[in-house]
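# Commentary on secondary and tertiary structure
Letter by letter, the chains look like this.
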Amino acid sequence: TSLDPNSDTKSVKVETKWKFPRQRIVIEQLLGEGEFGRVLKAKAFNIAGKPGYSLVAVKTLKPDARKQDFYDLLSEYQLLKQVHHPHVIQLLGVCTHEDGPLYVIIEYASQGSLRNYLRKTRHIMTSDLRLLEDNPDHRVTPRDILSFARQIACGMSYLSDIKLVHRDLAARNILLSENRVCKISDFGLTRDIYEDNAYFKKSKGRVPVKWMAPESLADHLYTTKSDVWSYGILLWELVTLGATPYPGVQVENLYHLLKEGYRMEKPSNCATSLYALMKKCWNVRPDCRPSFLEIYDFLDNLLTDSI
Ligand code: ACK
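Quick look at the structure, then. (Residues numbered from 1 in each chain as written. Predicted model: local features only at pLDDT ≥ 70, side-chain atom pairs only at ≥ 80, totals over all residues. Heavy atoms only, no water.)

## Comments concerning the overall build of the protein chain
We count it as follows: We count a stretch as a helix when DSSP gives it H or I for four or more residues in a row; a strand needs E for two or more, and each element gets its number in order from the N terminus. Residue contacts follow a heavy-atom distance rule, with two residues in contact if any of their heavy atoms lie within 4.5 Å.
Helix and strand content of the protein chain: nine helices and 10 strands. Counting only contacts in the protein chain whose residues sit at least 6 apart along the sequence, the fraction spanning at least 24 positions is 63%.

This is the structure we're talking about:
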């Protein structure tokens with residue numbers, strides 16, 4: 001079924017305060033494309049109380065998107081409008097489907113996804129020292145890694161306080177703004193594939209198996225504690241500068257390995273204390289995993305001690 005904006009949309013209403021006039025948006029370029037969604041770079045005039053033009057990101061659908069994708073994008077709006085935190089991506093406005101394609105306008109993060117950022121620095125740091133000299137900002141030190149981890153724990157602690165379960169916490173879903181501030185994004189049920197191998201195709205959509213807690217894999221159980229498991233995987237991604245978790249492991253085999261107690265080993269450059277934190281996040285018992293506040297405090301102490 002293809003998307004028909006005139007069909008049953010009665011249950012979805014965009015509040016006036018979030019509506020943004022389409023003629024004040026100028027689309028500049030495509031930032032990324034998934035199976036059904038697109039992220040565009042644009043400038044918006046007088047948006048969210050800011051005079052003049054601001055750079056923004058626009059989430060929209062491809063013309064052949066399904067009706068379900070349309071509802072998913074609207075549900076992302078419904079989640080985003082409730083959140084306001086320095087480490088969570090901010091909703092700025094919506095152009096409704098009444099006069100054109102649905103646009104969900106969010107804050108622009110100039111450095112893109114954390115995963116791509118880390119992978120880029122990896123290249124710069126290992127193979128081309130001249131590039132590094134040209135881009136001194138592109139260096140990622142162990143301290144930067146800890147700082148990213150702490151910022152994400154801070155945002156997740158807020159989301160858990162307001163009882164919002166992310167369900168897809170991973171480096172590809174963290175955005176970096178101009179001064180390398182981490183912004184949690186892509187939460188809720190909305191999920192599109194921008195990375196080909198991260199999501200395992202199942203009858204009910206796509207599942208990011210390598211980030212999922214055993215109880216999510218077995219019983220579709222998603223809680224803040226399953227987010228904590230994913231956060232442990234995200235820590236591993238940070239330390240390895242954006243490697244894909246469980247290298248060499250087929251997703252089909254992962255659940256059984258985890259049930260047998262198998263966990264990823266300590267990356268060679270990883271501090272013992274940080275690896276211990278990952279292992280705590282990967283406790284088979286959800287209630288034995290730390291809270292995001294505990295994680296934040298732990299990282300905050302590490303950062304303060306290492307000044
Ligand atoms: O690493 P990237 O350039 O950063 O590639 C992905 C791509 O779109 C698909 O998700 C980029 N992207 C997503 N949201 C934003 C945003 N709010 N600001 C800037 N780039 C974004 C992301």
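## Re the site of the ligand
Using the following cut-off: A cutoff of 4 Å decides nearness: a residue is near a molecule or strand if any of its heavy atoms lies inside that distance of it. Each polar contact in these results corresponds to two N or O atoms within 3.5 Å; when the atoms are within protein, one needs to be able to donate a hydrogen and the other to accept it, and residues that are neighboring in sequence are counted only if both atoms are side-chain atoms. Areas reported here follow the Shrake-Rupley algorithm with a probe of radius 1.4 Å; residue values treat only the protein chains shown as occluding. Only Asp, Glu, Lys and Arg are considered charged, only Ala, Val, Leu, Ile, Met, Phe, Trp, Tyr, Cys and Pro nonpolar, and every remaining residue, Gly among them, polar.
In the region of the ligand, 13 residues are neighbours, and A57, E107, A109, S113 and N116 sit closest. Within the backbone of E107, one N or O atom sits 2.9 Å away from a nitrogen atom of the ligand. Burial of the ligand by the protein chains amounts to 84% of its free accessible area of 450 Å². At the level of secondary structure, the elements contributing two or more residues to the shell around the ligand comprise β1 (25–33), β5 (103–107) and β6 (112–113). Of the residues belonging to the shell around the ligand, the class tally is eight nonpolar, four polar and one charged.

## Examining the sheet that holds strand β4 (residues 91–95)
The following threshold applies: Paired strands, as defined in this entry, are two strands with at least two bridges between them according to DSSP. Inter-axis angles, ranging from 0 to 180 degrees, are taken between N-to-C directions of lines fitted to C-alpha atoms, where helices are fitted over the stretch in contact.
In spatial order, the strands read β1-β2-β3-β5-β4; together these five strands make up an open sheet with antiparallel pairing. The sheet is open, and its two edges are formed by β1 and β4, each paired on a single side. The mean angle between the axes of side-by-side strands here comes to 30°, regardless of whether they run parallel or antiparallel. Of the strand pairs in this sheet, strand β2 (residues 37–47) and strand β3 (residues 50–61) are connected by 10 bridges, and their pairing is antiparallel. When the sheet's bridge partners are listed, A44 is paired in β3 with S54. Across the face of the sheet, helix α1 (residues 67–80) comes into contact with β3, β4 and β5 while running at roughly 140° to β3.

## Examining the pairing of β2
Across seven bridges, β1 lies against β2 in antiparallel orientation. Considered in β2, the bridge of G32 is made with V39. Where β1 folds back on β2, the antiparallel hairpin that results is connected by three residues.

## Some details on the environment of Y231
Its place among the elements puts Y231 in helix α6 (residues 224–239). Separated by 60 residues in sequence, Y231 and A171 have C-alpha atoms that sit 9.2 Å apart. In contact with Y231, not counting residues within four places along its chain, are A149, R150, I152, A153, L169, C281, F292, I295 and L299. Among the polar contacts listed, one links the side chain of Y231 to the backbone oxygen of A149, at a separation of 2.7 Å.

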